[in-house]
2 protein chains.
Amino acid sequence: MTDLLDIREAAELLRVSETSLRRWTNAGVLPCLRIGGRRERRFRRADLLAFVGVASHSILPPPRNHFCGLYTSDLSRVRGAAAFLASGLQPDALCLLIAEKGVQRGVIDQIERVRPSVRSDLRTGRLMLAEYRSSAATQLDFWRARIRSALREGVSQVYVAGDVSAGALGRLPFGEILEYETEYGRSIADRAFPVTTLCQYDARRISGLDAAGLLQCHDGPSH
Amino acid sequence: MTDLLDIREAAELLRVSETSLRRWTNAGVLPCLRIGGRRERRFRRADLLAFVGVASHSILPPPRNHFCGLYTSDLSRVRGAAAFLASGLQPDALCLLIAEKGVQRGVIDQIERVRPSVRSDLRTGRLMLAEYRSSAATQLDFWRARIRSALREGVSQVYVAGDVSAGALGRLPFGEILEYETEYGRSIADRAFPVTTLCQYDARRISGLDAAGLLQCHDGPSH
DNA sequence: GGTCTTTAATGTACAATGAGTGTCAAGACA
DNA sequence: TGTCTTGACACTCATTGTACATTAAAGACC
């Protein structure tokens, strides 16, 4: 977690203009550090939060937003994805479900049991369906495009659930899947993006070593 | 994500007028932060969502104290246990390492690299070594006895690292191992006991289904 | 080394904004 | 019917945002 913010990031965090930050630091009411011969301002997150009266929890657990789920049956696969997406269907969020058609139907039916309005979520585009591309590169491009356009349209949080094992990606050698996941974690599920992801894998079709690799490139299991 | 919304964004999010937001914050029913000399309002997303009854993700994560670690090499096994125990070697804590003799030596050597005083920790009993019993029941009794006596002696936190795969327990059918872990989680790694546990397994010797079972009866992977 | 572009700081002037304080009408509800 | 809440509008005023020019450091490039 970057603890030192430049003036643009600080202005974005506090939703104020850079001018105000300069005024406040000049007036001495807001601490800031100076760096380099140009004496650029650097702000500590804790100082910024203290300035608006937020108690800075000194030790925050690191954010976890890239989970993997190992399902052991078709039912547990559907249940896992449904629970994840149902919790994500919030007013200003976008949910994406990437899975084969049959699985999509099962997940929708399952969500409907706790959220009868799923169908309308589908119509309004708050919940979108797709299938995995067959190449890691095109799939990554798909993610980036979808998420960027959603953020541009004002969505504040994106929830992604993908059934990797059953899709086209799942037929790649496992090493390539891990590379894909690693890249996904680095460039998409990064802290910078408000994206939370659940990657599902069929525990019956992977080895223990595969599972260890999955845990390595995810923030943990979902449950 | 600690993002703050200004009053316009907050009004847009909740689909109410800015007037109402001002009234609600003045009445104290909706929390808001104040910033700058004009005391402008800034709203935390979680507060806004909570105000309309949406369960926010800012609920405290449940405590996690029963981890499993999948190692893929002898080196990663030793490193995992060493990192875990080194972080646990605090003044009022007791650390337990349950592993075969050879692994014990490797872990001690590894800890010594970041904490030269390990040997004295061993002498004073702050770090204790043992090997797995061959039956789940006797092993559970061992844990209970050790931990209870430690707590009686004033220890405030117990850290347990165990290499299950390589020990006598690891030779049981995997179903029995899972039963043992489940019982351990229920009666020892319970919230009531100040015990944090790392159970290590050899990823090379288990199946994907086994790994899924392990994740099910642990709070998550350690890393 | 030198050159060019980018970026941030500083300073100034002026327009825009939000807070605080009112009033008032429309709709919900018992 | 009366009461309560919401949204809209008006007004003042201090703060904030924006736009501009200037300077200097940092980074990219040859």
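Residues numbered from 1 in each chain as written. Chains lettered and ligands numbered in written order. Predicted model: local features only at pLDDT ≥ 70, side-chain atom pairs only at ≥ 80, totals over all residues.

(A) Structural detail: the nonpolar core. Ranked by size, the top nonpolar core spans 90 residues in total, and within it A:L85, A:L97, A:V107, B:L85, B:L97 and B:V107 carry the most contacts. If we skip the residues at most four places from it in the chain, B:L85 touches B:C95, B:L97, B:V107, B:I111, B:L127, B:Y159 and B:A161. Listed in part, the 21 residues of the second largest apolar core include A:F51, B:L4, B:L14 and B:L30. (Core = buried A, V, L, I, M, F, W, Y, C linked by C-beta atoms within 7 Å. Buried ≥ 20, exposed ≤ 12 C-beta atoms within 10 Å, placed from the backbone. Contact = placed C-beta atoms within 7 Å.)

(B) Representation of the sheet that holds strand β2 (residues 33–35) of chain B within the structure. Residue and element names in this part refer to chain B. In space, the three strands of this open sheet follow the order β1-β3-β2, with antiparallel pairing throughout. Edge positions in the sheet fall to β1 (4–6) and β2, since each has one partner strand and no second. For this sheet, the mean inter-axis angle between neighbouring strands, taken without regard to orientation, is 40°. When β2 meets strand β3 (residues 40–44), the two strands line up antiparallel, connected through three bridges. Counterpart to R34 in the pairing with β3 is R41. Across the sheet, helix α1 (residues 7–14) is in contact with β1 and β3; its angle to β1 comes to roughly 95°. (Pairing = 2+ DSSP bridges. Helix = DSSP H or I, 4+ residues; strand = E, 2+ residues; numbered from the N terminus. Axes fitted to C-alpha atoms, helices over the stretch in contact; angles between N-to-C directions.)

(C) Seen up close, the protein's contact with DNA strand C. Close to DNA strand C lie 15 residues, the nearest being A:I7, A:E40, A:R41, B:E40 and B:R41. When the residues that make up the surface near DNA strand C are grouped by side-chain class, the tally is two nonpolar, no polar and 13 charged. (Near = placed C-beta within 6 Å. Nonpolar A, V, L, I, M, F, W, Y, C, P; charged D, E, K, R; others polar.)

(D) Geometry of the packing of helix α4 (residues 74–88) of chain B against helix α5 (residues 101–114) of chain B. All names here are of chain B. As a packed pair, α4 and α5 sit with axes 8 Å apart at the nearest point and diverge in direction by 55°. With respect to α5, the axis of α4 lies oblique. Relative to α5, the crossing made by α4 is right-handed. For the pair formed by α4 and α5, the contact residues are R77, V78, R79, A81, A82, L85 and A86 on the first element and V103, G106, V107, Q110, I111 and V114 on the second. (Parallel < 35°, antiparallel > 145°, perpendicular 65-115°, else oblique. Left-handed = near helix turned anticlockwise from the far one by under 90°.)

(E) Region of the structure containing the environment of A:K101. Residue and element names in this part refer to chain A. Relative to the assigned elements, K101 resides in helix α5 (residues 101–114). Assessed through the 9 C-beta atoms surrounding it within 10 Å, K101 is described here as exposed. As a C-alpha pair, K101 and L129 span 28 residues in sequence and 8.9 Å in three-dimensional space.

(F) Quick look at the protein's contact with DNA strand D. Surveying the vicinity of DNA strand D reveals 16 residues, the closest of which are A:T19, A:S20, A:G37, B:S20 and B:G36. If you list the elements that add at least two residues to the surface near DNA strand D, you get α2 (18–27) of chain A together with α2 (18–27) of chain B. Residue composition of the surface near DNA strand D, grouped by class: two nonpolar, 10 polar and four charged.

(G) Structural detail: the pairing of strand β7 (residues 157–163) of chain B. All names here are of chain B. Among the seven residues that make up β7, six are buried, leaving the element largely enclosed by the rest of the structure. Bridge count between strand β5 (residues 93–98) and β7: six bridges; the pairing is parallel. Each residue of the ladder has a partner; that of C95, found in β7, is Y159. The pairing of β7 with strand β8 (residues 195–202) spans six bridges and is parallel.

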